[in-house]
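# Examining the three-dimensional arrangement
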Number of protein chains: 4
Amino acid sequence: MIRFNCDYGEGAHPRILARLQETNFVQTPGYGEDEYCREAAQIIRGLCKSDDIDVHFLMGGTQANLTVLAAALRPWEGVISADTGHIAVHETGSIEACGHKVLCLPHENGKLRAADVARLCKAHYDDASFEHMVKPAAVYVSSPSELGTVYSREELLALRAVCDEYGLLLFLDGARLGYGLAAPGNDLSLPFLASTTDVFYIGGTKQGALFGEAVVIRNAALKRDFRYEIKQRGGMLAKGRLLGLQFAELLRDGLYFDLSRHAVQLAMAIKAALTEAGYAFLIDSPTNQQFPIFADEQLSRLAQSYAFSYQCRVDEKRSAVRICTSWATREEDVERLISDIRRG
Amino acid sequence: MIRFNCDYGEGAHPRILARLQETNFVQTPGYGEDEYCREAAQIIRGLCKSDDIDVHFLMGGTQANLTVLAAALRPWEGVISADTGHIAVHETGSIEACGHKVLCLPHENGKLRAADVARLCKAHYDDASFEHMVKPAAVYVSSPSELGTVYSREELLALRAVCDEYGLLLFLDGARLGYGLAAPGNDLSLPFLASTTDVFYIGGTKQGALFGEAVVIRNAALKRDFRYEIKQRGGMLAKGRLLGLQFAELLRDGLYFDLSRHAVQLAMAIKAALTEAGYAFLIDSPTNQQFPIFADEQLSRLAQSYAFSYQCRVDEKRSAVRICTSWATREEDVERLISDIRRG
Amino acid sequence: MIRFNCDYGEGAHPRILARLQETNFVQTPGYGEDEYCREAAQIIRGLCKSDDIDVHFLMGGTQANLTVLAAALRPWEGVISADTGHIAVHETGSIEACGHKVLCLPHENGKLRAADVARLCKAHYDDASFEHMVKPAAVYVSSPSELGTVYSREELLALRAVCDEYGLLLFLDGARLGYGLAAPGNDLSLPFLASTTDVFYIGGTKQGALFGEAVVIRNAALKRDFRYEIKQRGGMLAKGRLLGLQFAELLRDGLYFDLSRHAVQLAMAIKAALTEAGYAFLIDSPTNQQFPIFADEQLSRLAQSYAFSYQCRVDEKRSAVRICTSWATREEDVERLISDIRRG
Amino acid sequence: MIRFNCDYGEGAHPRILARLQETNFVQTPGYGEDEYCREAAQIIRGLCKSDDIDVHFLMGGTQANLTVLAAALRPWEGVISADTGHIAVHETGSIEACGHKVLCLPHENGKLRAADVARLCKAHYDDASFEHMVKPAAVYVSSPSELGTVYSREELLALRAVCDEYGLLLFLDGARLGYGLAAPGNDLSLPFLASTTDVFYIGGTKQGALFGEAVVIRNAALKRDFRYEIKQRGGMLAKGRLLGLQFAELLRDGLYFDLSRHAVQLAMAIKAALTEAGYAFLIDSPTNQQFPIFADEQLSRLAQSYAFSYQCRVDEKRSAVRICTSWATREEDVERLISDIRRG
């Protein structure tokens, strides 16, 4: 059984494990106040070409999302998300558990449209009873999105403009950020994200680390007291060094980007082969998540050798699945998959 | 200017004020532990033909909704509501502020359909990642709904069956309950509600009281410790007697139902006259809220003499408004309104 | 049975009821956006000699406390209170339910000492692990306190100075404010409070109204969006006019202060008579709450004719009780009480 | 500089790292639904001699504490803790952020006394206003405590009896559980804890793992839906296998207990040497945390070579510090420390 169902099915890149080994008996202060975290933060500042950002390391995506939004929002404020957004559907109401409504808008290819956000805000303030409704105060986007699609500079700048007009904080979930940066046609970059969003994160869990997300904060109000909030929500790892070590290793010399490119190239190979073989896709994704459509019978056969994520039923006889490649995917497994699919 | 924009534009029925006057210097214990509250609860038990219900008096609808749901739900649980539900749109995220997601379903004439609720629950438990999603644990309905429509026995029994199947609590918001009970074609009754829902409330604020909602609890788990939760959410009125006094007065001899009938009769007169005059309605409502559609020009003229609630734009030239009658509406005002509308 | 156990045992001053009657059929907008609320706010601005304050009307003390503190604090912030503070002991954890710790300090005669607050804050910032502890961000005081004592200008100015030093918001719970202003030796005033605190409230419930607290906000950050928070916490009364009407009536021509003086004079008469008769007091209170100490046997006898609040056991044979006078207390009842106590 | 300031200053026991290496490219499902987690849970069931327990793996102590208590408590309920309890002072109000008050009692040697808990509960229910106060619903104890002391069976059974009398859940924080089990005089055991508490955890972070706490649940109500709550609070590690792997390795053949004994033996050596040399201790601790008292001058000298945790000032010239040994402490470092201290 070969697993293509997710991009967090293995451990970590061997260099990460080697680094853990090397540093294992070095004694450091706890809670992220160690030299490895400082080093990783400094590398990230360099990559973002900004000294004016704060960097914090958290353990996972849900934790990052809830900590950022709990710190950013006042009780009566909500966050706008695509209806497919991870915080809207797959985090067991963690944002609501912090007291905030997720204001959903229909997605377009997994993405929020700036015009829809502007319309929601305008409608809010045009309504005589606006104080009876949750105040829109932040925008949450993921790039790559849940459907593998990526935002363009133009799209993010349009969202930024709406955020500026209506006083919204712009937050980008980058759990798979590297796979997005490696996507064909991508025009985003770390410096662009660091200067365009109020806060975003660089995902590690799905990109070669054992775990970890590096939260990058530009917004001054959000920077203040952020460590209190990390601690309060259970996100301050005692051995914070483990996070610093991993990000330093991934980002020091471009390993992170190499691994991302690897995964995307294999995904593009799958996409090209299936397209050529006449398969349709639920969506045109340029990243490591692909959503091909198979006949149910074929799926049953493939399921004997491969694990996919079931995505949705397309019609009476066909379903879409999610196939993920990752930093750890082996070329030979991709080749076998392609050849097995071609066989039908 | 005559106000038809809402059903809480005046004070209270004169008998309420008289009763406040009569009892003003009687000394009672505070916090709802007085003889008037006991009397009102006893009257409600009689009307519901049940000794097995607890009755609590709260000050308003949002307070009642949030107190009931905060007491009923565990942190990871959410409440299912029509997307037009008051808790979903017009309470500034009060349910989320208590930590819970409102799981919205499309409404049908302002109402939730049992089949939709069942589908949502089935989809939840069919999903392999169900623990990553908010657990559906309660159903919130309003009758009359935000659009003036009322549930039938059959509809509520169907919801009850789904609730039983999936372990959901059934909660009915009765802020305008009397107007629903007085609606042509209504087949609900207090005993039916008391034996079919887990909890519902009898609205006072919009039905002749200065303020107040009488929460009726049948569910044993919800009964337990409910007064703690009232206190915690700021809903325990020091002079709780004011609530007991009002409900006793309204319910002792049927005043509540007389006032409801009065409002509905006047609403039906407006509905009939407008229908006869060729006006369309946004929805076919049998209660005190009517949603006629006017040309914008005519609306401007009417707005010089009457206050309505703006509901929504219907097309380029026409809008729907909400016209409310209430216990306090005067026949002559209704007649004047009808004649002014007929004049175009 | 004559009740001296609390100051909210009757209805409202007859002028309040008369005013409700007079205005009963006037139609107004809901939710506090009516002319009566505006009038009352304007009267309060006049009494506070400040145009730079916002005034909101809430229904009770717990609601006022939780709404103010939920709006003021960020998730990791807490409020400092005397360990006898109402929010610390008698509101069923309502502040915690909004997510915030109440940081308790030992009281001195029911009051917080500025030096203790400064010490707590200094200790917080001196601790290397300060981010692992709740950040002190507000100070909650009541005047009169739970023990009937009042703050002096000097004491409040000292608290203000500490608040300024450590970035704390100063919040004064004035549920019995009038009784404090009428106390012998008092040097506080409404203009002083409005310019010294960030937010305080003028209690109505215990001071002649049916219910209601007038929240006065000077702090600009707290003013912003406060109505959203009122709505979210269930505190926005549909017929908000009822609150405006009552405060306008109480404050228009000094009725509030007359009623306060009445209660305090009767309390002072009780205090003088008991002192003369050799009774000790738990505390030296200059306001409407008195805490005399009685032998348990005598208490049992008195309990046949009078209701007191049991306060605490003093020694094996004696207990302290709370005796409250109020706007509604009758002189003849006080005289009878005094004479019965004198009889032993 | 040798660090004795905490027991989480290094990485993990080499066998843990070796195991990560070995299994690195094995593909598993995410979120704790893998064979390693199942294996670790099974080992723990064996050690606890109970098949009737659920085992969940979380990443740290604060996360474990808040997830358990948020799942256990209803909104109006609070948890009783010693005033030195970690949840009471060093988790930035994480329990309050979940809506619950921590009801503090004075500690005795860092421990809660059953009699104090009983007194608090009795006082609660004896108070006529009990619904105005937070309902005591759980007891939180740590063993070893913040002061290194351990509970005896007798003490825990006494707490259990009070919990049964008043309907409280008994929760034991075992962040340093192994060090307690290895303490001279200890009479606790895993089967005893699993049958006496409702829920407890076996700490990994401070006991040889990179991170991780194994939560053991006996209470049936708490078992239900617990994974929803883990997910909601951000505690469901994507690569949950990392937790299972570590606990399986630590517990499979007694490594956990060996490491605990190692740390406690070194701590006892320090304790004996200092006692012999005439040093006093803040408290008599039988575990890996020791709290000797030094003259401030001597502390300054020692601080040049050793890191301790500053605990508190004892008098004008002396302070207590915390010295921790751990699974990773080297004998030669302990010997050097002892000899340097002896030199004064």
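The coordinates are above.
The structure contained in this document is the topic of the report that follows.

What counts and what doesn't
Residues numbered from 1 in each chain as written. Chains lettered and ligands numbered in written order. Predicted model: local features only at pLDDT ≥ 70, side-chain atom pairs only at ≥ 80, totals over all residues. Heavy atoms only, no water. Helix = DSSP H or I, 4+ residues; strand = E, 2+ residues; numbered from the N terminus. Rg over C-alpha atoms; globule rule 2.2 N^0.38 Å. Buried < 20%, exposed > 50% of the residue type's maximum accessible area, 1.4 Å probe, protein only. Contact = heavy atoms within 4.5 Å. Areas by Shrake-Rupley, 256 points an atom, 1.4 Å probe, with all protein chains shown as cover. Lys, Arg positive; Asp, Glu negative; His and termini not counted. Charge placed at Lys NZ, Arg CZ, Asp CG, Glu CD. Least-squares fit on C-alpha atoms with pLDDT ≥ 70 in both. Pairing = 2+ DSSP bridges. Axes fitted to C-alpha atoms, helices over the stretch in contact; angles between N-to-C directions. Buried area = accessible area lost by both parts, 1.4 Å probe. Nonpolar A, V, L, I, M, F, W, Y, C, P; charged D, E, K, R; others polar. Phe/Tyr/Trp six-rings, centres within 6.5 Å; stacked < 30°, edge-to-face > 60°. Disulfide = S-S within 2.5 Å. Parallel < 35°, antiparallel > 145°, perpendicular 65-115°, else oblique.

Glancing now at the overall build of chain A. Secondary structure assignment for chain A yields 15 helices and 13 strands. Here chain A has a C-alpha radius of gyration of 20 Å; the compact-globule value for 344 residues is 20 Å, and the two agree. Counting only C-alpha atoms, chain A reaches 60 × 55 × 35 Å along its principal axes. Counting only residues that meet the buried cut, chain A has 67% of its 344 residues in that class. Put simply, 71% of the contacts in chain A that link residues at least 6 apart link residues at least 24 apart. About 11,600 Å² of surface is accessible on chain A, with carbon and sulfur atoms providing 49% of the total. Averaging the positions of the 37 positive and the 44 negative side-chain charges in chain A gives two centres separated by 2 Å.

So, about the relation of the copies chain A and chain B. Note: a rotation about an axis with an accompanying shift along it relates these two copies of the chain. Of the transformation placing chain A onto chain B, the axial shift is 0.0 Å and the rotation is 180°, giving an RMSD of 0.0 Å. Accordingly, the operation relating the two chain copies is best matched by a two-fold axis. Taken as a fraction of all interface residues of chain A, those also at the interface in chain B reach 94%, which identifies the copy contact as same-surface.

Residue and element names in this part refer to chain D. Within the open sheet, the 7 strands sit side by side as E2-E8-E7-E6-E5-E3-E4. Their pairing is mixed. At either end of the open sheet lies a strand with only one pairing partner, and these are strand E2 (54-58) and strand E4 (102-105). Here the average twist between neighbouring strands, direction ignored, is 25°. Note that strand E3 (residues 77-82) and strand E5 (residues 135-142) share 5 bridges and pair parallel. From the neighbouring strand, valine 79 faces E5, where its bridge partner is alanine 138. Sitting on the sheet, helix H3 (residues 61-72) touches E2, E3, E5, strand E6 (169-173), strand E7 (199-203) and strand E8 (213-217), and the angle it makes with E6 is about 175°.

Another point: the interface of chain B and chain C. Size of an interface: often given as the accessible area lost when the parts come together. Taken together, the 46 residues of chain B in the interface contact 46 residues of chain C. Regarding the contact of chain B and chain C, the summed buried area is about 4,100 Å², with carbon and sulfur atoms giving 55% of it. Of all elements in the fold, only strand E1 (2-3), helix H1 (14-22), helix H3 (61-72), helix H5 (94-97), helix H11 (226-232) and helix H12 (241-252) of chain B reach the threshold of two or more residues within the side of chain B that touches chain C. It is H1(B) that provides the largest number of residues to the side of chain B that touches chain C, a total of 4 residues. Along the lines of polarity and charge, the residues of the side of chain B that touches chain C split into 23 nonpolar, 16 polar and 7 charged.

Turning to the packing of aromatic side chains, a few remarks are in order. Counted under the stated rule, the structure contains 54 aromatic pairs over all chains. Judged by centre distance (5.3 Å) and plane angle (70°), the ring pair of Tyr279(A) and Phe294(A) falls under edge-to-face. Of the two residues, Tyr279(A) is situated in the loop between helix H13 (255-276) and strand E9 (289-290) and Phe294(A) in strand E10 (residues 293-295); the sequence distance between them amounts to 15 residues. We note that Tyr279(A), like Phe294(A), is buried. Where Tyr140(D) meets Phe171(D), the ring centres are 5.7 Å apart and the plane angle is 65°; that geometry is what we call edge-to-face.

Before going further, it helps to examine the state of the cysteines. Applying the stated criterion across every chain, the model contains 0 disulfides over all chains. Free cysteine: Cys98(B), not disulfide-bonded; nearest cysteine sulfur from Cys98(C) at 8.2 Å. Taking the relative accessible area as the measure of exposure, Cys98(B) reaches 18% and is therefore buried. Left without a disulfide partner, Cys37(C) is nearest to the cysteine sulfur of Cys6(B), which lies 14 Å away. Cys37(C) sits in the buried class, given a relative accessible area of 5%.

All right, on to the packing of H1(B) against helix H1 (residues 14-22) of chain C then. Packing of H1(B) against H1(C) leaves a shortest axis separation of 11 Å and a crossing angle of 170°. In terms of axis orientation, H1(B) runs roughly antiparallel to H1(C). For the pair H1(B) and H1(C), contact is made by Leu17(B), Leu20(B) and Gln21(B) and by Leu17(C), Leu20(C) and Gln21(C), respectively. Class assignment of the residues belonging to the contact of H1(B) with H1(C) gives a composition of 4 nonpolar, 2 polar and no charged.

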